[in-house]
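Residue strings, one per chain:
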Amino acid sequence: MSSVNNLPTVIKCKAAVAWGPGEPLVMEEVEVDPPKEMEIRVKVVCTSICRSDVNQWENKAQVDLFPRIFGHEASGIVESVGEGVTEFEVGDHILTVFIGECQNCKHCVSGKSNMCQKLGLERRGVMHTDQKTRFSVRGKPIYHYCAVSSFSEYTVVHSGCAVKIGRDVPLDKVCLLSCGVSAGLGAAWKVADITRGSSVVIFGLGTVGLSVAQGARLRGASKIIGVDTNPGKLEIGNAFGITDFINPETCSQPVQQAIKELTEGGADYSFECVGDTGVVTTALQSCCDGWGLTVTLGVPKSKPEVTAHYGSLLSGRTLKGSLFGGWRPKSDLPLLVDKYMNNEFELNNLVSHDMPFASINQALDLMRENKCLRCVLHM
């Protein structure tokens, strides 16, 4: 791993490589470059599969970004550090994050946003610093995903896209805070700021939606309505705070009308956690006049445009987007980890499957077929 002068060198390791959209991942021996300036190389310990991993893996609109290593919800241990890195040392336990925090740009210093202008969401499959990759296989470059690429035994991330955590934090559970659970809790607590006694409706009861439900319950919401086409989500939804359940496929009236009847005219807060802009419209129609707030968290696979009648907004409703729950990774995520360690919210029961890294294609199938919450892969 290191040369005689103690400088990091290229590492060879196993990685699950996607060679084309939707094609089964192939376990390859890849080469991982040493970290460059302000980067760290991480030994991935656990990585969980997020819906966005599946969506982008199947996306045929970016065929030029293959071969590619997906994965972004991960926990690991710092293996080496690049020039200029002072925040991390070899052996530190970390969470990777798909949006960074440089702590210097306009957005970072504002305290109002997590949309870092230097380390924002990376969409081109390369590193933020030099627009190049750190992976290769048989001499061919491999593209990154969200500047994380955790479906590999080792990866390189910018030091601004990692958060140090205590060595007593269980890495096989806390990896969920890298994306989905944090996104849901933050949407409820930070973006919507749910108030006690309010009514809430959540469209989509996957990991993100259940995390919104948990956040609403902990804020003292009096009615938390879950909307999902999978009847099996009723039981798990109840465990996370759902008080009422609507299945659109068996509901005898439009969902928004059923919600208005349950909430005396519309919910105070509505959350879209599906990744469907048609559902965003329904969610907006489901919240009340005057102060109803709809928060959209999902990333649509198609039809990115949202349709809304101007009257919905003129009547006082608000539509708001949420990325990573509004959390600033370095400023806020350590506090969320502390809350987990103090048993202030549930995380462990969102892990439906623990699987070896070699079973990654089976795990992807479970997510694609809606047969899991989070599959955690142990490297």
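Parameters and conventions
Residues numbered from 1 in each chain as written. Predicted model: local features only at pLDDT ≥ 70, side-chain atom pairs only at ≥ 80, totals over all residues. Heavy atoms only, no water. Pairing = 2+ DSSP bridges. Helix = DSSP H or I, 4+ residues; strand = E, 2+ residues; numbered from the N terminus. Axes fitted to C-alpha atoms, helices over the stretch in contact; angles between N-to-C directions. Contact = heavy atoms within 4.5 Å. Salt bridge = Lys/Arg side-chain N within 4 Å of Asp/Glu carboxyl O. Buried < 20%, exposed > 50% of the residue type's maximum accessible area, 1.4 Å probe, protein only. Disulfide = S-S within 2.5 Å. Phe/Tyr/Trp six-rings, centres within 6.5 Å; stacked < 30°, edge-to-face > 60°. Parallel < 35°, antiparallel > 145°, perpendicular 65-115°, else oblique. Left-handed = near helix turned anticlockwise from the far one by under 90°. UniProt positions renumbered as here; feature names shortened; annotations may be inferred.

## Re the sheet that holds strand E7 (residues 140-142)
Here comes step 1: Reading across the sheet, the four strands line up as E1-E2-E6-E7 and stay open at both edges, with antiparallel pairing between neighbours. Of all the strands in the sheet, just strand E1 (11-17) and E7 have a single pairing partner and so form its edges. If you compare each strand with its neighbour and ignore which way they point, the axes differ by 45° on average.

## Considering the sheet that holds strand E10 (residues 199-203)
Here comes step 1: If you trace the six strands from one edge of the open sheet to the other, you get E12-E11-E10-E13-E14-E15, paired in parallel fashion. Of all strands in the sheet, those with a lone pairing partner are strand E12 (244-246) and strand E15 (318-321), marking the two edges. In this sheet, neighbouring strand axes are inclined to one another by 20° on average, regardless of whether the strands run parallel or antiparallel.
Here comes step 2: Two strands pair when backbone bridges link them, and strand E14 (residues 293-296) and E15 are joined in this way by four bridges, in the parallel orientation. In the strand pairing of E15, Thr-296 is matched with Gly-321.
Here comes step 3: Against the sheet, helix H4 (residues 180-191) touches strand E13 (269-272), E14 and E15, its axis set at about 150° to E14.

## Quick look at the pattern of salt bridges
Here comes step 1: A full pass over the atoms with the stated rule returns 22 salt bridges.
Here comes step 2: Here Arg-41 ties to Glu-79 by a salt bridge, and the two come within 2.7 Å at their closest N and O atoms. Highlighted residues: Arg-41 in strand E3 (residues 39-48) and Glu-79 in strand E4 (residues 73-81), separated in sequence by 38 residues. For the pair Arg-41 and Glu-79, a shared accessibility class is recorded, and that class is buried.
Here comes step 3: Here the residues in one salt-bridge network are Lys-36, Glu-39, Asp-130 and Arg-134, joined through shared partners.

## Overview of the state of the cysteines
Here comes step 1: Enumeration according to the criterion identifies zero disulfides in this entry.
Here comes step 2: Looking at Cys-108, it has no disulfide partner, and the nearest cysteine sulfur is the one in Cys-105, 3.6 Å off.
Here comes step 3: Under the relative-accessibility criterion, Cys-108 is labelled buried at 10%.

## A closer look at the packing of aromatic side chains
Here comes step 1: Taken as a whole, this structure holds five aromatic pairs when the rule is applied.
Here comes step 2: Each ring, one from Phe-98 and one from Phe-324, has its centre 5.6 Å from the other, and the planes form 80°; the classification is edge-to-face. With a gap of 226 residues between them, Phe-98 in the loop between strand E5 (93-96) and helix H2 (106-110) and Phe-324 in the loop between E15 and helix H10 (329-341) connect regions that are remote in the sequence. You'll find Phe-98 and Phe-324 in the same group, each marked buried.
Here comes step 3: Here the aromatic rings of Tyr-340 and Phe-345 are separated by 6.2 Å at their centres, their planes lie at 40°, and the arrangement is tilted. Each member of the pair, Tyr-340 as well as Phe-345, is classed as buried.
Here comes step 4: Here the aromatic cluster, defined as three or more aromatic residues joined through ring pairs, consists of Phe-66, Phe-70 and Tyr-145.

## Quick notes on unusual backbone geometry
Here comes step 1: For the bond from Phe-66 to Pro-67, the omega torsion is 0°, close enough to zero to count as cis.
Here comes step 2: One non-glycine residue, Cys-146, lies in the positive phi region at around 55°.
Here comes step 3: Inspection of the secondary structure puts Cys-146 in the loop between E7 and strand E8 (154-158).
Here comes step 4: In the Ramachandran plot, Lys-303 falls in the positive-phi region, its phi being about 45° despite a non-glycine side chain.
Here comes step 5: Relative to the helices and strands, Lys-303 resides in the loop between E14 and helix H9 (310-314).

## A short note on the packing of helix H7 (residues 255-262) against helix H8 (residues 277-286)
Here comes step 1: Running from N to C, H7 and H8 cross one another at 25°; their axes reach a closest spacing of 9 Å. Taken together, the axes of H7 and H8 are roughly parallel relative to one another. By crossing handedness, the relation of H7 to H8 is classed as right-handed. Across from Val-255, Gln-256, Ile-259 and Lys-260 in H7, the residues of H8 making contact are Thr-282, Gln-285 and Ser-286.

## Looking at the UniProt feature "domain: Alcohol dehydrogenase-like C-terminal" (unreviewed entry) in the protein chain
Here comes step 1: Taking the numbering used here, the UniProt-annotated feature "domain: Alcohol dehydrogenase-like C-terminal" (unreviewed entry) corresponds to residues 208-334.
Here comes step 2: Counted over residues 208-334, helix gives 37% and strand 16%. Its end C-alpha atoms are 19 Å apart.

## Some details on the UniProt feature "domain: Alcohol dehydrogenase-like N-terminal" (unreviewed entry) in the protein chain
Here comes step 1: UniProt annotation of "domain: Alcohol dehydrogenase-like N-terminal" (unreviewed entry) refers to residues 38-165 when read in the numbering used here.
Here comes step 2: In residues 38-165, helix accounts for 10% and strand for 30%; the two terminal C-alpha atoms are 19 Å from one another.

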